[in-house]
Every structure is written in structure tokens, then in C-alpha cells.
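So the chains spell out like this:
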Amino acid sequence: MREKLFAYAKETYHAEPEYLWKRDPESAILRNSNNQKWFAAIMRISKDKLGLKNKEFVWIADFKCDPLLIGSFLQLEGHFPAYHMNKNHWITVLLDGSVKEEQIFQLLDFSYHLTQGKK
């Protein structure tokens, strides 16, 4: 799913993944080209960092989200409070197949538009 997410971001928003962390070279962020704000972070973490009882590693995506919607998303399978981001404005989604691709793409779209800023 990670590669599909990158391909979708490139095709839709001309956003290329940026690999910022030397100690985690596979994790990446996507920036809004209009203002350089992050609209997604894709990382590989152990599930226990999300409160799960498993130390298995999994790919996740952090997306900016409307604070009024975060509570509703957290009721859905594969959605968690943001990992390493502001939990009031970001949400984490598993990229392990527990969340449908179309919903992941919708969250990416929503996040991109939230980072557009005021017109």
C-alpha cells in the first residue's frame, strides 16, 4: 500500500516522498508544493507504539484531519490517535490492509486540502 500511496500522491498532487531521517531511511513525508507543509508521513513502526499488544512492525500513514472528525475515525478499524504528530489535528492509519485503499486515498486528499491554507 505504501508504494500505491506514493504513486497516487505523485499523480494527483505532484508530491514526491522525501526521506528525512537517516536512522529511518524508508520512512518518508509528503509535502504540499504550494507551501511546503506536510500532508502525510509514512513510517514503519512496531504495533505496540499504537497501543497494540504486538511488537510486529507495520507501515502506517499519518494524515492531517479535521479535529471534529478524528473521534469518528478512531471508532473504525485500523485508525489510531496520531503517532508522533499532534493528536488533535492528525490521525494514524494502518497500511496493512485493515483500511480500504479508497479510504486511505480519501484521507490523503482531505489532508492535502487541509494543508492548502486559506485562499
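Rules used throughout
- Residues numbered from 1 in each chain as written.
- Predicted model: local features only at pLDDT ≥ 70, side-chain atom pairs only at ≥ 80, totals over all residues.
- Heavy atoms only, no water.
- Phe/Tyr/Trp six-rings, centres within 6.5 Å; stacked < 30°, edge-to-face > 60°.
- Helix = DSSP H or I, 4+ residues; strand = E, 2+ residues; numbered from the N terminus.
- Buried < 20%, exposed > 50% of the residue type's maximum accessible area, 1.4 Å probe, protein only.
- Lys NZ or Arg CZ within 6 Å of the ring centre and 35° of its normal.
- Core = buried A, V, L, I, M, F, W, Y, C linked by side-chain atoms within 4.5 Å.
- Contact = heavy atoms within 4.5 Å.
- Axes fitted to C-alpha atoms, helices over the stretch in contact; angles between N-to-C directions.
- Parallel < 35°, antiparallel > 145°, perpendicular 65-115°, else oblique.
- Left-handed = near helix turned anticlockwise from the far one by under 90°.
- Nonpolar A, V, L, I, M, F, W, Y, C, P; charged D, E, K, R; others polar.
- Salt bridge = Lys/Arg side-chain N within 4 Å of Asp/Glu carboxyl O.

### Here's the deal with the packing of aromatic side chains
Logical step 1: Going through the model one piece at a time under the given rule, you end up with 5 aromatic pairs.
Logical step 2: Their ring planes at 85° and their centres at 5.0 Å tell us that Phe 39 and Tyr 112 sit as a pair that is edge-to-face. Here Phe 39 is found in strand E2 (residues 38-46), whereas its partner Tyr 112 is found in helix H3 (residues 101-114), with 73 residues between them in sequence.
Logical step 3: Take Phe 39: its relative accessible area is 0%, and that puts it in the buried class.
Logical step 4: Judged by relative accessible area, which is 8%, Tyr 112 ranks as buried.
Logical step 5: Over the aromatic face of Trp 59 sits the side chain of Arg 2, whose NZ or CZ is 4.4 Å from the ring centroid.

### Remarks on the nonpolar core
Logical step 1: Among the nonpolar cores identified, the biggest contains 25 residues, and Leu 5, Leu 30, Phe 39, Ile 42, Phe 63 and Leu 108 are the most heavily contacted of them.
Logical step 2: When contributions to this core are tallied by element, the ones reaching two or more residues are helix H1 (2-13), strand E1 (28-31), E2, strand E3 (57-64), helix H2 (67-73), strand E5 (90-94) and H3.
Logical step 3: In this structure, Ala 41, Ile 45, Leu 50 and Leu 94 belong to the second largest nonpolar core, which totals 10 residues.

### Comments concerning the environment of Phe 105
Logical step 1: In this fold, Phe 105 is placed in helix H3.
Logical step 2: Distance in space between the C-alpha atoms of Phe 105 and Tyr 8 is 7.7 Å, their sequence separation being 97 residues.
Logical step 3: Excluding residues within four positions of it along the chain, Phe 105 makes contact with Met 1, Lys 4, Leu 5 and Tyr 8.

### Regarding unusual backbone geometry
Logical step 1: Backbone geometry places His 14, a non-glycine residue, at a positive phi of 55°.
Logical step 2: As for its position among the elements, His 14 is in the loop between H1 and E1.
Logical step 3: Within the chain, His 84 stands out as a residue other than glycine whose phi angle is a positive 65°.
Logical step 4: If you trace the backbone, His 84 turns up in the loop between strand E4 (79-81) and E5.
Logical step 5: Assessed through its relative accessible area of 62%, His 84 is described here as exposed.

### Some details on the packing of H1 against H3
Logical step 1: It is the contact of H1 with H3, at a shortest axis distance of 11 Å, that shows an interaxial angle of 45°. The orientation of H1 with respect to H3, classified from their angle, is oblique. The chirality of how H1 crosses H3 is right-handed. Contacts between H1 and H3 involve Lys 4, Leu 5, Tyr 8, Ala 9 and Tyr 13 on the former and, on the latter, Glu 101, Ile 104, Phe 105, Leu 108, Asp 109, Tyr 112 and His 113.
Logical step 2: When the residues that make up the contact of H1 with H3 are grouped by side-chain class, the tally is 8 nonpolar, 1 polar and 3 charged.

### Regarding the pattern of salt bridges
Two side chains with opposite charge may pair up if their charged atoms get near one another.
Logical step 1: Across all of its chains, the model carries 6 salt bridges by this definition.
Logical step 2: Between Lys 4 and Glu 101 there is a salt bridge, with its nearest N and O atoms 2.8 Å apart. Of the two residues, Lys 4 sits in helix H1 while Glu 101 sits in helix H3, which places them 97 residues apart along the sequence.
Logical step 3: Residue class for Lys 4 comes out partly exposed when judged on its relative accessible area of 46%.

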